[in-house]
Amino acid sequence: METIDVAIVGGGAAGLATAQYAARAALRAVVFEQTGTGGQCTQIIDLENYPGLNGPVSGEEFTERFERQARNFGAQIRLERVRSLEPSNGAFIVTTDEQRYNARAVILATGARHRELGAPGERDLRGRGVSYCATCDGPMFAGKPMVVVGGGDAACDEAMFLSKLSDRIILVHRRDRFRAQKALAQRVMENDRIDVRFTTEVESIHGAPNQYGIDVVDHVVLRSTTDERREDVPVAAVFVFVGSIPRTDLVPFAETDHAGYLVTDATMATSVPGLFAIGDVRNTPFRQLVVAASDGAIAAHSVSAFIDARYPA
């Protein structure tokens, strides 16, 4: 069985940042990713709010740079699906589809998947006007009509953010009241740039070719949940905030919060010694690429200290 210092499960921005910093700390760091690196980053058309970028780049190009940098520092990236993680004698047995590894520490960077509406057109137009991150993609639609779907804190927060970019924001919620904190909900209701539609659902999302012949969001069909009335509404973007599901299946033995996210301390350590969590899989208050990268740097530093203490030279 091959022994490595740290197994990094997940090759998104958080995992690649960890790999870079861990390799620079002279740790044998291996990133395990099922299909390809980048994670949700690869769905971004124009990434423009990451520090240091001189103009927007595609998520794919950004991922290529990130991966190249990690490899240049000596990190290994293996396209192997991790099937299980098992604590064993103070270390971990990492079982992939290919083989088993003995890892002195594990950093979980498996992220979370967005809950989908399930509306026709949603998946086809994802990344082409359908988005799950207003901070990431909102500026591309400045001055244009946009729909926000959801009734919790995230939906209200993002609607408020988008209202700074456009005076035509429609916030759609299928219930008759918000689930968000009262103060936040009140600010939304008082914002004259946000048109709140309670007891309303997005029934379908429709696209039309842009100047390059690529289908992008063109309009949505809204349906009343009380009387079934339907309305065609022209919009440039649909932002969906109906919750997310953290990918924690590999570590059922680690502590999670009420929403299912892994609980970590400031060092990114979980309740299990030697197991660290970073990015969207942990209970972080803000989910952005720059935050995920920061988590990775912190976790790599923490893992280095953990291994030095447990395995003194």
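Above: the structure in question.
Keep in mind that this is a model prediction, so the values were computed, not measured. (Residues numbered from 1 in each chain as written. Predicted model: local features only at pLDDT ≥ 70, side-chain atom pairs only at ≥ 80, totals over all residues. Heavy atoms only, no water.)

Scanning the model with the defined rule gives 20 salt bridges in all. Its salt-bridge partner being Glu61, residue Arg65 comes within 2.7 Å of it at the nearest N-O pair. Of this pair, Arg65 and Glu61 both sit in helix α2 (residues 59–72), 4 residues apart, which is roughly one turn of the helix. Arg65 gets classed as partly exposed once you look at its relative accessible area, which sits at 38%. According to the relative accessible area criterion, Glu61 is partly exposed, its value standing at 33%. Between Arg223 and Glu203 there is a salt bridge, with the nearest N and O atoms lying 3.6 Å from each other. Of this pair, Arg223 sits in strand β13 (residues 215–224) while Glu203 sits in strand β12 (residues 200–209); the two residues are 20 residues apart in sequence, bridging distant segments of the chain. Residue classification places Arg223 among the buried positions, given a relative accessible area of 15%. The exposure class of Glu203 is partly exposed, given its relative accessible area of 28%. The structure contains a network of salt bridges with shared partners spanning Glu201, Glu203, Arg223, Glu228 and Arg230. (Salt bridge = Lys/Arg side-chain N within 4 Å of Asp/Glu carboxyl O. Helix = DSSP H or I, 4+ residues; strand = E, 2+ residues; numbered from the N terminus. Buried < 20%, exposed > 50% of the residue type's maximum accessible area, 1.4 Å probe, protein only.)

Across the interface, helix α1 (residues 13–24) lies against α2 with an axial gap of 8 Å and an inter-helix angle of 25°. The angle between α1 and α2 places the two elements in the roughly parallel class. In this structure, α1 crosses over α2, and the sense of that crossing is left-handed. Here Ala13, Leu16, Ala17, Ala19 and Gln20 of α1 lie close against α2, whose contacting residues are Thr63, Phe66, Glu67, Gln69 and Ala70. In terms of residue class, the contact of α1 with α2 is made up of 6 nonpolar, 3 polar and 1 charged. (Axes fitted to C-alpha atoms, helices over the stretch in contact; angles between N-to-C directions. Parallel < 35°, antiparallel > 145°, perpendicular 65-115°, else oblique. Left-handed = near helix turned anticlockwise from the far one by under 90°. Contact = heavy atoms within 4.5 Å. Nonpolar A, V, L, I, M, F, W, Y, C, P; charged D, E, K, R; others polar.)

Glancing now at the nonpolar core. The biggest cluster of nonpolar side chains holds 37 residues, and the ones touching the most others in it are Tyr50, Phe62, Phe66, Ile107 and Val303. Looking at this core, the elements with two or more residues in it are β1 (2–9), α1, β2 (29–32), α2, β6 (100–108) and α6 (289–310). Examining the composition of this core, we find that 8 residues originate from one element, α6, more than from any other. Ignoring any residue separated from it by four or fewer positions in sequence, one finds Ile107 in contact with Val6, Ala7, Ile8, Val9, Thr18, Phe276, Ile278, Ala299, Ala300 and Val303. (Core = buried A, V, L, I, M, F, W, Y, C linked by side-chain atoms within 4.5 Å.)

The strands making up a sheet associate through backbone hydrogen bonding, with each pair oriented either parallel or antiparallel. Read from one edge to the other, the open sheet built from 3 strands follows the order β12-β13-β14, with strand pairing classed as antiparallel. One side of each edge strand has no neighbouring strand; the edge strands of this open sheet are β12 and β14 (230–234). Pairwise comparison of adjacent strand axes, ignoring direction, gives a mean angle of 25° for this sheet. Two elements, β12 and β13, share 9 bridges in a ladder whose sense is antiparallel. Looking at the pairing, Gly207 lines up with Val217 of β13. (Pairing = 2+ DSSP bridges.)

Time to look at helix α5 (residues 182–189). Turning to α5, its buried residues are Leu184, Ala185 and Val188. Along the axis of α5, the buried positions cluster into a sector of 100°, meaning they face one direction only. In α5, the exposed residues that point more than 90 degrees away from the buried face are Lys182 and Ala183. Elements that come into contact with the buried residues of α5 comprise α4 (153–162), β10 (169–172) and β11 (194–197). (Arc of directions from axis to C-beta.)

A word on the state of the cysteines. By definition, a disulfide is the covalent link that joins the sulfur atoms of two cysteine residues. This structure, assessed with the given rule, holds 1 disulfide. Each disulfide pairs two cysteine sulfurs, and for Cys133 the partner residue is Cys136, the sulfurs being separated by 2.2 Å. The sign of the 70° torsion about the S-S bond sets the Cys133-Cys136 disulfide as right-handed. Neither Cys133 nor Cys136 differs from the other in exposure class; each is buried. (Disulfide = S-S within 2.5 Å.)

As a further point, take the packing of aromatic side chains. By the definition in use, this model includes 6 aromatic pairs. The interplanar angle of 80° and the centroid separation of 6.3 Å between the aromatic rings of Phe141 and Phe239 together place this pair among those described as edge-to-face. Within this pair, whereas Phe141 is found in the loop between α3 (134–137) and β9 (146–149), its partner Phe239 is found in strand β15 (residues 237–240), the two being separated by 98 residues in sequence. For Phe141, a relative accessible area of 14% translates into the label buried. Taken together, the aromatic side chains of Tyr50, Phe62 and Phe66 make up a single cluster linked through ring pairs. Seen from the ring of Tyr21, Arg24 lies directly overhead, with NZ or CZ sitting 5.9 Å from the centre. The ring of Tyr311 has Arg104 lying over it, and the distance from NZ or CZ to the ring centre is 4.3 Å. (Phe/Tyr/Trp six-rings, centres within 6.5 Å; stacked < 30°, edge-to-face > 60°. Lys NZ or Arg CZ within 6 Å of the ring centre and 35° of its normal.)

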